[in-house]
Amino acid sequence: MTQQDIRPPAPAPAPVALAAVAPEPAPRPLISYVLPVYNEQDGITAFHTELTAALDGRPDLDVELVYVNDGSADGSLPLLKRIAAQDDRVRVVDFARNFGHQIAITAGLDVARGDAVIVMDTDLQDPPRVSLELVDAWREGAEIVHARRRSRQDTAFKRATAHLYYRILRSSTEVDIPLDTGDFRLLDRRVADELRKYRERSRFVRGIVASMGYRQTEVAFDRDERFAGETKYPLRKMARLAVDGMTSFSTAPLKMITKLGFVVLTLSLLGIVYALAMKFFRPDITVSGWTMLMVVVLFLGGTQMLSLGVIGTYVGRIYSEAQGRPLYLVREVIGADGHGDERDGRGGV
């Protein structure tokens with residue numbers, strides 16, 4: 001007879017209650033602001049106050065503020081140092097001297113770490129609240145968001161020349177540069193990384209960005225008056241920027257020389273025909289041709305000098321690029337990565 005197991009059956013295991021696992025919050029994107037500064041002591045504090053007030057309304061974003069002091073000769077740098085000491089989101093890149101607005105933008109892009117980078121001026125003509133509209137357009141899928149000026153509070157001369165310049169530039173270059181847009185724009189991280197590979201010295205950043213492709217869109221805004229101080233782009237600098245934009249993305253000036261050459265040749269042939277006709281049909285007044293001779297000589301001389309000037313502009317650009325010097329030199333970087341961090345400027349190569 002077999003022995004039966006008289007042990008009581010094991011109780012059924014009690015159901016285990018699974019603790020509810022809360023979904024992890026989506027990481028907040030880091031937005032970097034690249035902010036060139038040149039002699040803005042009268043308005044930099046007001047700009048920072050307005051920018052941070054706008055950012056305080058967007059707790060869904062992390063931000064870093066990269067101020068690039070472009071060799072300011074006033075009290076801008078002490079103010080920037082004070083701002084960096086009070087706000088741990090601020091970094092200040094202090095240039096060894098003035099290298100220009102476009103190079104300051106480049107330096108800011110070199111150190112910005114955000115998932116998206118916004119470039120804007122610090123004179124409050126570009127309203128900080130509009131930068132958040134650029135962020136919204138980026139989150140909807142755009143990789144480059146241009147801030148297009150719907151209106152601007154400038155002098156009639158400045159508005160007229162800017163309107164004319166943008167349209168001439170667009171019609172004469174091989175790049176579709178958006179009309180009425182400055183350097184106020186947002187770049188996706190991928191675009192910013194690619195833009196850092198462009199290291200030419202005579203820089204026209206808005207043209208470079210437009211030539212890169214990617215998904216681009218625009219946000220229209222009304223440009224405000226300058227808060228304080230005077231414009232850092234007087235007529236002389238605007239003319240230089242116009243030349244850089246034209247010669248960076250177009251060979252139209254060189255082609256214009258060829259067209260001008262054909263026009264001059266045609267006029268010269270007409271002058272020769274006129275001179276021969278006067279020689280044979282009116283020999284009694286051929287001495288009076290001295291006036292025509294002077295006109296032709298002066299016209300040809302002026303045309304040649306203009307042609308040499310255009311060619312010289314392109315040769316000068318080749319010479320600057322062949323030197324291979326650093327784009328900029330940094331005295332120190334102040335802020336998030338340590339106060340008074342000394343740099344040797346090699347990052348500007």
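Bear in mind the structure is a predicted one, so any value in this text is a computation, not a measurement.

Each helix and strand counted, the protein chain has ten helices and nine strands in total. Here the protein chain holds 349 residues, and 42% of them are scored as buried. Counting only contacts in the protein chain whose residues sit at least 6 apart along the sequence, the fraction spanning at least 24 positions is 79%. Carbon and sulfur atoms form 61% of the exposed surface of the protein chain, whose accessible area is close to 19800 Å².

Since one α-helical turn is 3.6 residues long, residues separated by three or four positions face the same way. Between its first and last C-alpha atoms helix H1 (residues 44-56) spans 18 Å; for 13 residues at 1.5 Å apiece the expected length is 18 Å, and the two agree. Within the span of H1, buried status applies to Ile44, Phe47, His48, Leu51, Thr52, Ala54 and Leu55. Taken end-on, H1 shows its buried residues confined to a sector of 155 degrees, consistent with a single buried face. In this structure, the buried residues of H1 make contact with strand E1 (30-37), strand E2 (62-69), helix H2 (76-86), strand E3 (90-95) and helix H4 (128-139).

As a further point, take the packing of H1 against H4. Pairs of packed helices are described in terms of their axes, by the angle between the two and the distance that separates them. Two numbers describe how H1 lies on H4: the axes approach to 8 Å, and their chain directions differ by 40 degrees. Here H1 lies oblique to H4, going by the angle between them. Crossing of H1 against H4: the hand is right-handed. Two secondary-structure elements touch here, H1 through Phe47, Glu50, Leu51, Ala54 and Leu55 and H4 through Pro128, Arg129 and Leu132. Its residues placed into classes, the contact of H1 with H4 shows six nonpolar, no polar and two charged.

Attention shifts here to the nonpolar core. Ranked by internal contacts, the top residues of the largest apolar core, which has 38 residues, are Ile31, Tyr33, Tyr67 and Ile118. With six residues, the top contributor of residues to this core is H4. In this structure tyrosine 67 touches Leu35, Val37, Ile44, Phe47, His48, Leu80, Val90, Arg91, Val92, Val93 and Thr122, once residues within four positions along its chain are discounted.

Another aspect to go through is the pattern of salt bridges. Overall, the coordinates contain 17 salt bridges when judged by the stated rule. Across the pair arginine 89 and aspartate 87 runs a salt bridge, and its minimum N-O distance is 3.1 Å. Through salt bridges with shared partners, a single network forms among Arg58, Asp60, Asp136 and Arg139.

On to the pairing of strand E8 (residues 330-335). Burial analysis of E8 places five of its six residues in the buried class, the great majority of the element. The pairing of E3 with E8 spans five bridges and is classified as antiparallel. The partner of arginine 91 across the bridge, within E8, is glycine 335.

Confidence in the prediction of the protein chain, expressed as mean pLDDT, is 75, and 61% of residues score 70 or more. Here residues 338-347 is a poorly scored stretch, pLDDT under 50, and it has 22 contacts once near neighbours within four places are set aside; other chains count.

With that out of the way, let us pick up the packing of aromatic side chains. One pass over the full model with this rule turns up three aromatic pairs. For the pair phenylalanine 47 and tyrosine 67, a centre-to-centre distance of 6.4 Å together with 85 degrees between the ring planes defines the contact as edge-to-face. With phenylalanine 47 in helix H1 and tyrosine 67 in strand E2, the pair connects residues that are 20 residues apart, well separated along the chain. Relative accessible area serves as the criterion here: at 0%, tyrosine 67 is assigned to the buried category. Their ring planes at 85 degrees and their centres at 5.4 Å tell us that phenylalanine 95 and phenylalanine 99 sit as a pair that is edge-to-face. There is no split in this pair, since phenylalanine 95 and phenylalanine 99 are both buried.

Our focus in this paragraph is the environment of alanine 142. As for its placement among the helices and strands, alanine 142 is situated in the loop between H4 and strand E5 (144-152). Taking the C-alpha atoms as reference points, alanine 142 and threonine 217, separated by 75 residues in sequence, lie 6.4 Å from one another. Once residues lying within four places of it in the same chain are set aside, the contact partners of alanine 142 are Ala137, Arg215 and Thr217.

We now examine unusual backbone geometry. Both trends apply: most residues other than glycine have a negative phi, and most peptide bonds are in trans. Backbone geometry places asparagine 39, a non-glycine residue, at a positive phi of 55 degrees. As for its placement among the helices and strands, asparagine 39 is situated in the loop between E1 and H1. Of the residues examined, asparagine 39 reaches a relative accessible area of 24% and is grouped as partly exposed. If you check the backbone angles, leucine 124 has positive phi at about 70 degrees while not being a glycine. Note that leucine 124 resides in the loop between strand E4 (116-119) and H4. Leucine 124 gets classed as buried once you look at its relative accessible area, which sits at 10%.

Conventions adopted
Residues numbered from 1 in each chain as written. Predicted model: local features only at pLDDT ≥ 70, side-chain atom pairs only at ≥ 80, totals over all residues. Heavy atoms only, no water. Helix = DSSP H or I, 4+ residues; strand = E, 2+ residues; numbered from the N terminus. Buried < 20%, exposed > 50% of the residue type's maximum accessible area, 1.4 Å probe, protein only. Contact = heavy atoms within 4.5 Å. Areas by Shrake-Rupley, 256 points an atom, 1.4 Å probe, with all protein chains shown as cover. Expected span 1.5 Å × (residues − 1). Arc of directions from axis to C-beta. Axes fitted to C-alpha atoms, helices over the stretch in contact; angles between N-to-C directions. Parallel < 35°, antiparallel > 145°, perpendicular 65-115°, else oblique. Left-handed = near helix turned anticlockwise from the far one by under 90°. Nonpolar A, V, L, I, M, F, W, Y, C, P; charged D, E, K, R; others polar. Core = buried A, V, L, I, M, F, W, Y, C linked by side-chain atoms within 4.5 Å. Salt bridge = Lys/Arg side-chain N within 4 Å of Asp/Glu carboxyl O. Pairing = 2+ DSSP bridges. pLDDT = per-residue confidence, 0-100. Phe/Tyr/Trp six-rings, centres within 6.5 Å; stacked < 30°, edge-to-face > 60°.

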